[in-house]
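Observations on the model geometry
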Amino acid sequence: MPNYMPRSAIRSVRPRISSFSRDGHSPADSFFMTRRPAAQAEALSGKAASYLGSSTEMTGHNAFVRINANRQMAGEAMLLEAPSHLVNVPNVSYTNVVMTPQMILFAGIKHEPSPFKLVVKMSGNQSAGVSNGWSKTVIISSDTEDDWGEADVTKLYLKTIGVEPSPGQKVFIETYWMDTASGFAGQVFRDMAVVTGESSYQTRTRVTMDNLDPTEEQHVSALDMDFSTNAPVIYFDTVCLGHSNVASSEAILDKELPEELIGLSYALARGMGEDGSLHPQSYQIQSMVWRQKTELHFMHRGGKYIKPTEVFGPGIFYQQ
């Protein structure tokens, strides 16, 4: 985490931290000393890692600057007043790190809701014999959000480090949660991963509006299908518009899905009637390959047919 702030930011904060109270401490110092004695001990004893993502000794004055630096890093506006209370930030927990030249991914992340964002720091390639390389880590992301327990940082790593990790080398990792609302950060979790040539880890397949073929006519206004890797389940969040006089909607993808994802599924649906009443329905969803593209057919099967209709929730998948 950087220990600096832009000049414009310093100028806007300076009026708040330049006026000292009678005991000689700045307003930020007063927050850490008078409102919470425990916070004073943290600030003065050099244990700021519990709240600010740094183990550097700092006074309340410096802590206030650090809080704003954290918020700016997460794209938040600066605070003009010190937070009124401390925030307990959770520790980072995940099952493993996939580290190959093609994929850098955190798996099994314990999700934390907003306003918590995951800060990720990584090093470039380090020799396998290096046992302590955390001083070489740099921030590759300050606002990572996991997607059902996965966080793929491959593109962020390559953009920041510039070269892909090499098999047999080590990459040192530091992660912590940051509360973007207050600027407080959690304990820094240190880890390392040895780069492998390939990984057996299977990422989830997800189909969204970005996967639709722009040259084809589409009959959905929203599309999100998440295929589970551990069970034959698909999670749907799709809005079907219907077409012609057929009680179904089609979505054509720009590429083929894997063979194991071609089949049938069933899910619930709901549509809003002209009188504002909600109509429950059931849908059969079928995926098939045609002209080297995957077609998704959302076919009405039960309940009063309404256009548009939202197909939502989990559905059991039957491979064909």
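Above: the structure in question.
On a predicted model such as this, the values are computed, not experimentally measured, just so you know. (Residues numbered from 1 in each chain as written. Predicted model: local features only at pLDDT ≥ 70, side-chain atom pairs only at ≥ 80, totals over all residues. Heavy atoms only, no water.)

Next up on the list: the sheet that holds strand E1 (residues 96-99). To summarise the sheet geometry, strands pair through backbone hydrogen bonds and adopt either a parallel or an antiparallel arrangement. The three strands lie next to each other as E1-E2-E5, forming an open sheet whose pairing is antiparallel. Lying at the two open borders of the sheet, with one neighbouring strand each, are E1 and strand E5 (151-152). (Pairing = 2+ DSSP bridges. Helix = DSSP H or I, 4+ residues; strand = E, 2+ residues; numbered from the N terminus.)

Take the packing of aromatic side chains next. Taken as a whole and judged by the stated rule, the model has four aromatic pairs. Between Tyr94 and Phe189, the aromatic rings sit 5.6 Å apart at their centres with planes inclined by 80°, giving edge-to-face as the arrangement. Separated by 95 residues along the polypeptide, Tyr94 in the loop between helix H5 (60-73) and E1 and Phe189 in strand E7 (residues 189-194) bring together distant segments of the chain. Centroid distance Phe227 to Phe317: 6.5 Å. Interplanar angle 85°. Geometry classified as edge-to-face. Here the residue Phe227 occupies a position in strand E10 (residues 224-227), and Phe317 occupies one in strand E16 (residues 309-319), the gap between them amounting to 90 residues. (Phe/Tyr/Trp six-rings, centres within 6.5 Å; stacked < 30°, edge-to-face > 60°.)

Let us look at the pattern of salt bridges. Here the structure, examined in full by the defined rule, presents 12 salt bridges. Between Lys121 and Glu174 there is a salt bridge whose closest N-O contact spans 3.5 Å. Taken together, the positions of Lys121 in strand E3 (residues 116-122) and Glu174 in strand E6 (residues 170-179) put the pair 53 residues apart, joining distant regions of the chain. For Lys121, a relative accessible area of 14% translates into the label buried. Looking at Glu174, the relative accessible area reads 6%, which means it is buried. Shared partners join several salt bridges into a network, and the residues in it are Asp147, Glu150, Arg204, Arg206, Asp224 and Asp226. (Salt bridge = Lys/Arg side-chain N within 4 Å of Asp/Glu carboxyl O. Buried < 20%, exposed > 50% of the residue type's maximum accessible area, 1.4 Å probe, protein only.)

Burial of the side chains of E10 extends over both faces: Asp224 and Asp226 are buried on one face and Met225 and Phe227 on the other. Judged from the four bridges that link them, strand E8 (residues 205-208) and E10 form a sheet pairing that is antiparallel. Note that in E10 the partner of Thr205 across the bridge is Phe227. Relative to strand E11 (residues 233-240), E10 is paired through three bridges, and the arrangement is antiparallel. Note that in E11 the partner of Phe227 across the bridge is Ile234.

What follows deals with the sheet that holds E6. An order of E4-E3-E6-E7 is seen for the four strands of this open sheet, with the pairing classed as antiparallel. Two strands close off the open sheet at either side, each with one partner strand: strand E4 (138-144) and E7. Taking the axes of each pair of neighbouring strands and ignoring which way they run, one obtains an average angle of 25° across the sheet. Sheet analysis places E3 next to E6, joined by seven bridges and oriented antiparallel. When the sheet's bridge partners are listed, Val119 is paired in E6 with Tyr176. Packed on one face of the sheet, helix H6 (residues 154-161) meets E3, E4 and E6 and runs near 145° to E4. (Axes fitted to C-alpha atoms, helices over the stretch in contact; angles between N-to-C directions. Contact = heavy atoms within 4.5 Å.)

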